[in-house]
Structures are given as C-alpha cells and as structure tokens.
Amino acid sequence: MEIDENVVVKVLVQLLEVYTPPGEERRLEHTWYRLCRELGFPRSWRDETGSFFTSYGAGEKTIMLASHVDTVPGELPVKISGGKIYGRGAVDAKSSVACMLVGASYVKNALEGVRVVVAGLADEEGAGLGAKRLVERGFKADHIIIGEPTGVTGIATSYRGSLTIRVEARARGGHSSAPYMADSALEKVLTLWSYIKNEYGGTRYEDVTSALTTLHAGDWATRMPEKAEATINIRYPKPYSSRELLENIAREAEKAGCSVSVIDTTEPVETSISTKTARALSRAMLRLGLKPRIVKKTGTSDMNTLYAITSDIVACGPGDSLLAHTCEEQITIDDLKRSAAIYANAVAELARQA
Amino acid sequence: MPELSCPVCGGTMAVPEDALAGELFEHGDCGAQLELIVDDNGSMSLKMAEEVAEDWGE
C-alpha cells in the first residue's frame, strides 16, 4: 500500500497551520471538518472539551485511532524544506493525527462490519481532559492505537504513572545569625524533599523517580523563611501506586512539619506486545519491510487514561520524541508515509480478525 | 499452533500459525519479550527481542 505523499503532507500542513495550545483546540474546527469530509469520512463531531472525532462504518467491533490535537504552547512557523515538515506539533502529535486520518481513509472501502473512529483529543498536554471525558461518558472500543511519537516503528506497551504534589510549610522564622534558635519553613520543605529524593531517586524506567520542579521561599538574605512552598513530580512504574507513595510521603511530611496536597495523579499502564493491537501494528510494519521495536515510555500519555476503555491498547506514531516540545519539531515526509501505511494495514488486520 | 521453547525460562510458548518472521511476543509465563525467528527451511524459534528502548512521554 503506497500512501500518496501529497495527501498526507497537505493534511499535516493544514493541521499545523492552526495553532492549538491546550484550551484553544476549537480553533481547528473548520479545518477538521473540511479535511475529514475530503478524506471521505461520513461523520465528524466535536465534544465539549474540544476533542474532535470522525468515523465510518458500523458493527459490533470498534477500532479507535486516538491522538491529540493540542500542542505545548509556543507557535512555530510552518514550513516544508528538505523532505521535512516543521511546525509546532510536527512531532507531538499532529503528525500522528494526520497519519491516522489518512491511513484510516485508505482502507475505508475495504472494511465491513466494523466501526473505525479517529480522535484528535484535547488537552493531552494539560490535564488530559479530552481522554478523561471519553472515559467518563462510557465510550466503547475494542482496540485502541494511541498516536504518540515512537519513531514510526516503536510500539509503546507501557507508560509510567505520574504524581504531582504541592508541599507547604510554615515556621516561626528568626535571624540567620542564630539558626539553632530559629525555625525555617524552607528547611522543613527541604527535609521532606531529601527523604523523597533518597527514597525515590531512581535512574531507570523500573525505578520510582522524583523531581523538585518549583520552590518558593524567603525574601531576605538574613531572615529565616516563615513560609515555603514546593512542587514535586514523582514518576513510577507498575506495581507502584500513587496511594502507596502518598502514604509514605504523608508520614514523612508529618515528621518534617509540612503539609502535602495532590495536584494531579495518573496511574501507570502496562499492556503486552502480544495483544491484538500490538500484533496488528507489528505485522503491518513487517509487511512494509520495517522492524518493530518495543518501547517503554518514562512519561505519561492519554494511553494511561484510555486503558480504562480497553486493555488492548498500545501507542505508536511518527516522530522523534527527543524533539517533542522543542523549537525543532520536525517530521520527514518519508516517516509520514510509513506511519500512515502502518495505521492503514493495522486497521485492516484488526477488522479482519473475528 | 507451533509450540516453541522460551530462550529465557525454557518453558514452552504457543505461537499463532500465521505469525511472521520478526513478530514480537511476550511469554505469558515469564514475561520475556521475544522475537520470532524463521530460518530458510521455515523452522521457527524464539530469541530475546533485541531492543526495549526507553523514551519519554508527557
């Protein structure tokens, strides 16, 4: 199956030309409906979060291709040069959206008894509201492919979980000339951070890792801080859970004289390379002469949330994740063609299975 | 379904009839990530999958 370069490039460029940081996804409305109509999708719609959908077919089985239409903030000029396309979202993840739309459209007339839905979810770079809403309203799907940059041939079977906490401390303060008589809110926060770093200072996917991401304290060089506030992000694989981590942290926070509140939590997800969806992608790659790779993601994605819909879910898409969120976001046209063909073949294979 | 030997735990693993050379599987018993090898004679075996890469998401 040869993907028409002009089609996939045109779709991606038009998606990139509409700047859509989280909360502004609706700007894409006219472009989305027009592109989906031109690609032959008979039904397209948007939900209240700003997520876009398009579908064809009907039947007991639903195959969903889900990526996200929001990007990190920071508009970049859209250009095509040297066989590459540049722009905000060229890696994360409008290239996946473009390839999913084009790939699904290529096999539309060859499938029977199956419903195919392509989703451009909202707020993946924020709080993941688009994916959460989909789960809340009871959306059903048998197989889900998440479009995230995995370098075309990577199949991501696991994402770690994420726990973000706010740590606050209050203290009496005092003069820095006699710290042994004073009371520092900053030191209380740092005492707790020291525990977290020692306990959860891993360096591999399998470890729990932690990062102190914000710290506010003090207003004078010789005054011990009376208030301190920090934000800490902790990442963890299965079998850890946010509950277990929070219990340990809360115990140590009490000892250190700090209070802890949860800003956000996303539980880890782990599926198998043997699932039907992973197999369909793997076989699609092999038929195209590509070698599939297994990828573990240290971060999170909408896959963590959409696992609640089906455990037959993996992530796969074009783009070098090291370029995601950078000012160098770019994708090769060859990779776009390859990914669109992979999605098309994988959807056809999943549709054929009983 | 052909039953092959897991190179990690030595247990057996059933591979689908239609499996392609290079396909990836997880051994349900030991969790090993495996790649299907098919030689010139069509004989099948399993080896450890070459690459389990790590990269970030959000």
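The structure we're discussing is the one just above.
Bear in mind that the values here come from a model prediction, so they are computed numbers and not experimental data.

Basis of the calculations
- Residues numbered from 1 in each chain as written.
- Chains lettered and ligands numbered in written order.
- Predicted model: local features only at pLDDT ≥ 70, side-chain atom pairs only at ≥ 80, totals over all residues.
- Heavy atoms only, no water.
- Helix = DSSP H or I, 4+ residues; strand = E, 2+ residues; numbered from the N terminus.
- Buried < 20%, exposed > 50% of the residue type's maximum accessible area, 1.4 Å probe, protein only.
- Salt bridge = Lys/Arg side-chain N within 4 Å of Asp/Glu carboxyl O.
- Axes fitted to C-alpha atoms, helices over the stretch in contact; angles between N-to-C directions.
- Parallel < 35°, antiparallel > 145°, perpendicular 65-115°, else oblique.
- Left-handed = near helix turned anticlockwise from the far one by under 90°.
- Contact = heavy atoms within 4.5 Å.
- Pairing = 2+ DSSP bridges.
- Nonpolar A, V, L, I, M, F, W, Y, C, P; charged D, E, K, R; others polar.
- Buried area = accessible area lost by both parts, 1.4 Å probe.
- Polar contact = N/O pair within 3.5 Å; in protein donor to acceptor, adjacent residues only side chain to side chain.

### So, unusual backbone geometry
Residues and elements named next belong to chain A. Following aspartate 92, the chain continues to alanine 93 via a peptide bond in cis, the omega torsion being 0°. Structurally, alanine 93 can be placed in the loop between β5 (84-86) and α3 (94-106). With an omega dihedral of 10°, the bond running from lysine 238 to proline 239 counts as a cis peptide bond. Relative to the assigned elements, proline 239 resides in the loop between β13 (227-236) and α6 (242-256). Although it is not a glycine, valine 152 sits at a positive phi angle of roughly 70°. Residue placement: valine 152 occurs in the loop between β7 (143-146) and β8 (154-159). Take valine 152: its relative accessible area is 3%, and that puts it in the buried class. Backbone geometry at histidine 325 places phi at a positive 70°, although glycine is not the residue there. For histidine 325, the location among the structural elements is in the loop between β17 (313-315) and β18 (330-332).

### Here we look at the pattern of salt bridges
Applying the stated criterion across every chain yields a total of 27 salt bridges over all chains. One salt bridge in this structure joins glutamate 35 of chain B and lysine 291 of chain A, with 3.1 Å as the shortest N-O distance. Residue glutamate 35 of chain B is found in strand β4 (residues 33-38), and its partner lysine 291 of chain A is found in the loop between α7 (276-287) and β16 (293-297); the two belong to separate chains.

### Focus on the packing of helix α1 (residues 5-16) of chain A against α3 of chain A
Residue and element names in this part refer to chain A. Interhelical geometry of α1 versus α3 gives an angle of 135° and a closest axis separation of 9 Å. Judged on the interaxial angle alone, α3 and α1 are oblique. Note on packing geometry: the crossing formed by α1 with α3 is right-handed. Every residue of α3 that contacts α1 at Val7, Val8, Val11, Leu12, Leu15 and Leu16 is listed here: Lys94, Ser95, Val97, Ala98, Cys99, Leu101 and Val102.

### Some thoughts on the sheet that holds strand β4 (residues 79-81) of chain A
Residue and element names in this part refer to chain A. Judged by pairing direction, the sheet is antiparallel, and its three strands sit side by side in the order β4-β5-β18 without closing on themselves. For this open sheet the edge positions go to β4 and β18, each flanked by a neighbour on one side alone. Direction aside, the axes of adjacent strands within the sheet are offset by 25° on average. As paired elements, β4 and β5 share three bridges and run antiparallel to each other. Following the sheet pairing, serine 81 is matched in β5 by lysine 84.

### Remarks on the packing of α1 of chain A against helix α9 (residues 333-352) of chain A
Residues and elements named next belong to chain A. Running from amino to carboxyl end, α1 crosses α9 at an angle of 100°, the nearest separation of the two axes being 10 Å. Between α1 and α9, the angle falls in the class roughly perpendicular. Every residue of α9 that contacts α1 at Glu5, Val8, Val9 and Leu12 is listed here: Ile333, Leu336 and Lys337. Considered class by class, the residues forming the contact of α1 with α9 number five nonpolar, no polar and two charged.

### Observations concerning the interface of chain B and chain A
Across the boundary between the two partners, chain B contributes 22 residues, which contact 32 residues of chain A. Between chain B and chain A the total buried area reaches about 2,300 Å² when both faces are included, carbon and sulfur atoms providing 48% of it. Taken together, the links from chain B to chain A amount to five salt bridges. Between aspartate 18 of chain B and arginine 283 of chain A there is a salt bridge; the shortest N-O distance is 3.4 Å. Between the two partners, chain B and chain A, sit seven residue pairs in polar contact (both at pLDDT 80 or more). For the side of chain B that touches chain A, the secondary structure elements donating two or more residues are β3 (24-26), β4 and β6 (52-55) of chain B.

### Observations regarding the sheet that holds strand β9 (residues 161-170) of chain A
Residue and element names in this part refer to chain A. Taken in spatial order, the four strands line up as β11-β13-β9-β14 in an open sheet, and their pairing is antiparallel. Bordering the open sheet on either side are β11 (209-217) and β14 (258-266), each of which pairs with just one other strand. Within the sheet, the average angular offset between the axes of one strand and its neighbour, ignoring direction, is 15°. As defined by bridge partners, β9 adjoins β13 across 10 bridges and the pair is classed as antiparallel. Paired with isoleucine 165 across the bridge in β13 is isoleucine 232. Sheet contacts for α6: β9, β13 and β14; angle to β14, the most-contacted strand, approximately 165°.

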